[in-house]
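Structural description and commentary
Residues per chain, in single letters:
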Amino acid sequence: MPAPTASPTTTPAAALPTEPSAEGARSRFGPVALVISAGISVQFGAALAVMIMPRAGAAGVVTLRLAAAAIVLLLLCRPKVRGYTRSDWGTVVAFGVAMAGMNGLFYQAIDRIPLGPAVTLEVLGPLALSVVVSRLVNLLWAGLALGGVVLLSGHGGGGLGFGSLDPLGAAFALGAGAMWAAYIVFSARTGRRFPQADGLALAMAAAAVLSLPLGVIEAGSDLLVPSTLALGVGVAVLSSVLPYTLELLALRRMPAPTFAILMSLEPAIAATAGFLVLNQALSGLDALAIALVIAASMGAVRSQIGKQPA
């Protein structure tokens, strides 16, 4: 709705109502709420996944998660497969590859190291993305978030520093972070090329196909145990269907650099999920680290909103 215009003989310009810009601010905070909700969902889903890994292994849990999520999204979205260019399909397949790689590497990591340190290492991928493509002000917020990440690495919600972590698990977490950065890029591109969540559904199907052989090799018939299947569906909803849909919607209205900075909240959310679900204690240093990454995320969001027109 256009802003009301003042009559030259009645209302001065300074007295014009400010409600439109207030509504604009709320609309800009909407994507932030979507991203935070997605982070809460995915980290509590990861905590649930840790609990069922003894049943199906890391690769098996990834397969259950992606396959169940793909089925749910395909049934809900019923995406059309005609009318897209080769470039569109290349983008959605790349999105699926990034998704499969991110999930596969991350689950291998949390099978070897605690959830908090794993997410702390993984979030370095989005932070690196923000440093590469951001303006100077966001580089400062990224630096503050990185400081929180380094502090959290000393304990990670599990009382373990990086020096005592399994090196292979740490490497898997760093690899997952690189794939997470790719996920951010291709999620945004997919959201612009495909309507609603159609691109997400197609990319999830591609990711499920890629992960299926590894899951079958590791878990075999254990994937078909009813209780394991039910838990796998729960992980899929919490860690894939809900958060990826929220993130895709957010990335349609939020620049990738700002989204990447918000990902610095993930270690804090993961530490909380580890404490509540997996009984991983939090220390005072952990709390300080959480405060730093939250402050960095809030600063990045305020910077982004401040440079947009009211």
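A brief structural summary. (Residues numbered from 1 in each chain as written. Predicted model: local features only at pLDDT ≥ 70, side-chain atom pairs only at ≥ 80, totals over all residues. Heavy atoms only, no water.)

**Thoughts on unusual backbone geometry**
- Phi angles above zero are rare outside glycine, and Arg-78 is one such case at about 45°.
- Tracing the backbone shows Arg-78 in the loop between helix H1 (19–77) and helix H2 (86–110).
- Judged by its relative accessible area of 65%, Arg-78 falls in the exposed class. (Helix = DSSP H or I, 4+ residues; strand = E, 2+ residues; numbered from the N terminus. Buried < 20%, exposed > 50% of the residue type's maximum accessible area, 1.4 Å probe, protein only.)

**Some remarks on the side chain of Ser-41**
- Relative to the helices and strands, Ser-41 resides in helix H1.
- Ignoring sequence-local partners within four residues, the contact set of Ser-41 consists of Val-237, Leu-238, Ser-239, Leu-242 and Pro-243. (Contact = heavy atoms within 4.5 Å.)

**Focus: the pattern of salt bridges**
- Following the criterion strictly, the structure yields one salt bridge and no others.
- In this structure, Asp-88 and Arg-193 form a salt bridge, with 2.6 Å as the shortest nitrogen-oxygen distance. In this pair, Asp-88 sits in helix H2 while Arg-193 sits in helix H6 (residues 167–193), placing the two residues 105 residues apart along the sequence.
- Assessed through its relative accessible area of 34%, Arg-193 is described here as partly exposed. (Salt bridge = Lys/Arg side-chain N within 4 Å of Asp/Glu carboxyl O.)

**A few points about helix H3 (residues 115–122)**
- When you tally the buried positions in H3, you get eight out of eight residues, the bulk of the element.
- Of the positions making up H3, those classed as buried are Leu-115, Gly-116, Pro-117, Ala-118, Val-119, Thr-120, Leu-121 and Glu-122.

**Quick look at the side chain of Ser-239**
- Relative to the helices and strands, Ser-239 resides in helix H8 (residues 226–251).
- In terms of polar contacts, Ser-239 uses its side chain to reach the backbone amide nitrogen of Ala-46, at 3.4 Å.
- Other than its neighbours up to four places away in sequence, Ser-239 contacts Ser-41, Val-42, Gly-45, Ala-46, Arg-65, Tyr-107 and Tyr-244. (Polar contact = N/O pair within 3.5 Å; in protein donor to acceptor, adjacent residues only side chain to side chain.)

**Quick notes on the packing of H3 against H6**
- The interhelical angle for the contact between H3 and H6, taken along N-to-C directions, is 45°, at an axis separation of 7 Å. Classified by the angle their axes make, H3 and H6 are oblique. The two elements H3 and H6 cross, and the hand of that crossing is right-handed. Each of Ala-118, Leu-121 and Glu-122 in H3 lies in contact with H6, whose residues at this interface are Ala-170, Ala-173, Leu-174, Ala-176, Gly-177 and Trp-180.
- For the contact of H3 with H6, the class distribution of residues is seven nonpolar, one polar and one charged. (Axes fitted to C-alpha atoms, helices over the stretch in contact; angles between N-to-C directions. Parallel < 35°, antiparallel > 145°, perpendicular 65-115°, else oblique. Left-handed = near helix turned anticlockwise from the far one by under 90°. Nonpolar A, V, L, I, M, F, W, Y, C, P; charged D, E, K, R; others polar.)

**What about helix H7 (residues 198–219)?**
- Relative to the 32 Å expected for 22 residues at 1.5 Å per residue, H7 spans 30 Å between its end C-alpha atoms, a close match to the ideal helical length.
- When the local axis directions of H7 are compared, the greatest deviation, roughly 35°, occurs at Ser-211, which is followed within four positions by the proline Pro-213.
- Turning to H7, its buried residues number three or more, namely Asp-198, Gly-199, Leu-200, Ala-201, Leu-202, Ala-203, Met-204, Ala-207, Ala-208, Ser-211, Gly-215 and Ala-219.
- Directly after H7, the chain includes Gly-220, whose backbone phi takes a positive value near 60°. (Expected span 1.5 Å × (residues − 1). Bend = angle between axes of the 7 residues up to and from the residue.)

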